[in-house]
Amino acid sequence: MSSATRGGAALRAVSDVSELSELVAERRAAGARIGLVPTMGAFHEGHISLMRAAMECADFVVVSLFVNPTQFAPGEDLDAYPRDLEGDVALAAEVGVELLWTPAVADLYPDGFATTVSVDESLTGVLCGAHRGAQHFNGVTTVVAKLFNCVGPDVAFFGQKDAQQAIVIKRMARDLDFPVEIEVVPTVRDADGLAMSSRNAYLSVEDRKRATALPKALRAAELAAESGKRSTLDIVEAARAVLRNAGIEPEYVEARDAENLSEVKELSGRPVLVALAARLGGARLIDNVVIN
Ligand code: PAF
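As a starting point, this report considers the structure included with it.

**Remarks on the overall build of the protein chain**
Now for step 1: What the protein chain contains, in helices and strands, is eleven helices and nine strands.
Now for step 2: The principal-axis extents of the C-alpha atoms in the protein chain amount to approximately 55 × 45 × 40 Å.
Now for step 3: Among the 292 residues that make up the protein chain, the fraction classed as buried is 52%.
Now for step 4: The contacts of the protein chain with a sequence gap of at least 6 include a subset with a gap of at least 24, amounting to 73%.
Now for step 5: Carbon and sulfur atoms provide 50% of the accessible area of the protein chain, an area that totals close to 13,200 Å².
Now for step 6: Considering the protein chain, the positive charge centre built from 29 side chains and the negative charge centre built from 41 side chains are found 5 Å apart.

Below, the structure is given as structure tokens:
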């Protein structure tokens, strides 16, 4: 990355797709490597770490901010989803992002929009897909494909907290020949271990305390593996026991292959994703750990 290609300019916020394309084309023509950080806004430290990672390895970083309606099932929290455009603009500017793209729903889904990008159910019908419905990942892959087409990034950044999403997007990019590298950035946690999430804003004070059982449960799974347990039933049970003690009934706790999400019965040397989801009050939280 060179200072000649990184402009060091103040943040510009644009919503128009053609304005976005022009700005990106200008920088690409000047030799810049283009990075994209797709977000739904309500920025927290997790988003900031994605932006910083992007700025490390791209010359020009576009952060997209779009609360994508198609990835919310009916009855989910689309209307309540936290929105804070002013705060997001200030944070992105503080981090040094040059371009914040805030398309409107009608820009990405014009009247008559009739196309869905869908990845096989072996990846999208398990874990969160089994509980939120097929529509969720179809909405994610459709919008991310559109973001890739509009921005044309050389590299795009996603968080490990949404491990299944990252796996699904990697597969989509590979299968559809998107010329983009997918970088997965480690989960950012609060001091007590809770993974940063925009949905943490929904937690009551009491549930915020109980939510620390989620990372503790994942740590228990890791410790079970470290202490020699090989059966994923035992490893998952170690996590479940912690949740039970905290009075949390998880939506799921599962151990799956960390690359293709197939079921894993025994640890065998391949990385295994232990992932969980739980509802605490109005918040549906997810978290995971990879056991190597
Ligand atoms: O992880 C998110 O915030 C969203 O799922 C994404 C990738 C921006 C697509 O809407």
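What follows picks up the thread again.
**Considerations on helix 8 (residues 163-175)**
Now for step 1: Between its first and last C-alpha atoms helix 8 spans 18 Å; for 13 residues at 1.5 Å apiece the expected length is 18 Å, and the two agree.
Now for step 2: Among the residues of helix 8, A163, Q164, Q165, A166, I167, V168, I169, M172 and A173 are the ones counted as buried.
Now for step 3: With its phi angle positive at about 55°, D177 sits one or two positions after the end of helix 8.

**Side note on the sheet that holds strand 4 (residues 99-101)**
Sheet strands pair by backbone hydrogen bonding; their relative direction is either parallel or antiparallel.
Now for step 1: Here six strands make up an open sheet; going across it, the order is 1-4-3-2-5-6 and the pairing parallel. Here the strands that pair on one side only, and so sit at the sheet edges, are strand 1 (12-14) and strand 6 (181-185). Strand-to-strand twist across the sheet, computed as the mean angle between neighbouring axes with direction ignored, equals 25°.
Now for step 2: Both strand 2 (residues 34-39) and strand 5 (residues 155-159) contribute to a ladder of two bridges, which runs parallel. Counterpart to L36 in the pairing with strand 5 is A156.
Now for step 3: Along the sheet, helix 2 (residues 45-57) makes contact with strand 2, strand 3 (60-65), strand 5 and strand 6, crossing strand 5 at roughly 155°.

**Considering the site of the ligand**
Now for step 1: Within the structure, the ligand sits among P38, T39, M40, N68, Q71, V143, F158 and Q165.
Now for step 2: Separating an oxygen atom of the ligand from a side-chain N or O atom of Q71 is a distance of 2.6 Å.
Now for step 3: Between the ligand and Q165, the relevant distance is 2.7 Å, taken from an oxygen atom to a side-chain nitrogen or oxygen of the residue.

**Brief notes about helix 3 (residues 85-95)**
Now for step 1: All of the buried residues along helix 3 are D88, A92 and V95. Projected down its long axis, helix 3 shows its buried positions confined to an angular sector of 60°, all on one face. Seen from the buried face of helix 3, the exposed residues on the opposite side, beyond 90 degrees, are E86 and E94.
Now for step 2: The inward-facing, buried residues of helix 3 abut helix 2 and strand 3.
Now for step 3: G96 sits one or two positions beyond helix 3 and adopts a positive phi of about 105°.

**Remarks on a negative patch on the surface**
Now for step 1: There is a patch of like negative charges on the surface, built from D16, E22, E26 and D107.
Now for step 2: Looking at the secondary structure, you find D16 in the loop between strand 1 and helix 1 (17-29).

**Describing the sheet that holds strand 9 (residues 283-291)**
Now for step 1: The strand order across the open sheet built from three strands is 7-8-9, with neighbouring strands paired in antiparallel fashion. The open sheet has two free edges, formed respectively by strand 7 (250-257) and strand 9, since each of these has just one partner strand. Each neighbouring strand pair of the sheet contributes to a mean axis angle of 15°, computed without reference to strand direction.
Now for step 2: In the sheet, strand 7 pairs with strand 8 (residues 272-280) via seven bridges, with the strands oriented antiparallel. In the strand pairing of strand 8, E254 is matched with A275.

**Re the pattern of salt bridges**
Now for step 1: Applying the stated rule across the entire model yields 21 salt bridges.
Now for step 2: Note that R132 is salt-bridged to E76, the shortest N-O span being 2.7 Å. Of the two residues, R132 sits in helix 6 (residues 128-132) while E76 sits in the loop between strand 3 and helix 3, which places them 56 residues apart along the sequence.
Now for step 3: By relative accessible area, R132 is classed as buried at 13%.
Now for step 4: The exposure class of E76 is partly exposed, given its relative accessible area of 23%.
Now for step 5: A salt bridge links R199 to D77, with the nearest nitrogen and oxygen atoms 2.8 Å apart. Remark: D77 occurs in the loop between strand 3 and helix 3 and R199 occurs in the loop between strand 6 and helix 9 (205-210); sequence separation between them is 122 residues.
Now for step 6: For R199, a relative accessible area of 15% puts it in the buried group.
Now for step 7: Among the residues examined, D77 registers a relative accessible area of 16% and is labelled buried.
Now for step 8: One salt-bridge network, in which partners are shared between bridges, spans D190, D192 and R208.

About the criteria used
Residues numbered from 1 in each chain as written. Predicted model: local features only at pLDDT ≥ 70, side-chain atom pairs only at ≥ 80, totals over all residues. Heavy atoms only, no water. Helix = DSSP H or I, 4+ residues; strand = E, 2+ residues; numbered from the N terminus. Buried < 20%, exposed > 50% of the residue type's maximum accessible area, 1.4 Å probe, protein only. Contact = heavy atoms within 4.5 Å. Areas by Shrake-Rupley, 256 points an atom, 1.4 Å probe, with all protein chains shown as cover. Lys, Arg positive; Asp, Glu negative; His and termini not counted. Charge placed at Lys NZ, Arg CZ, Asp CG, Glu CD. Expected span 1.5 Å × (residues − 1). Pairing = 2+ DSSP bridges. Axes fitted to C-alpha atoms, helices over the stretch in contact; angles between N-to-C directions. Near = heavy atom within 4 Å. Polar contact = N/O pair within 3.5 Å; in protein donor to acceptor, adjacent residues only side chain to side chain. Arc of directions from axis to C-beta. Patch = residues over 30% accessible without salt bridge, like charges linked within 9 Å, V, L, I, M, F, W, Y side chains within 5 Å. Salt bridge = Lys/Arg side-chain N within 4 Å of Asp/Glu carboxyl O.

In short, shape yes, function no, at least from these values alone.
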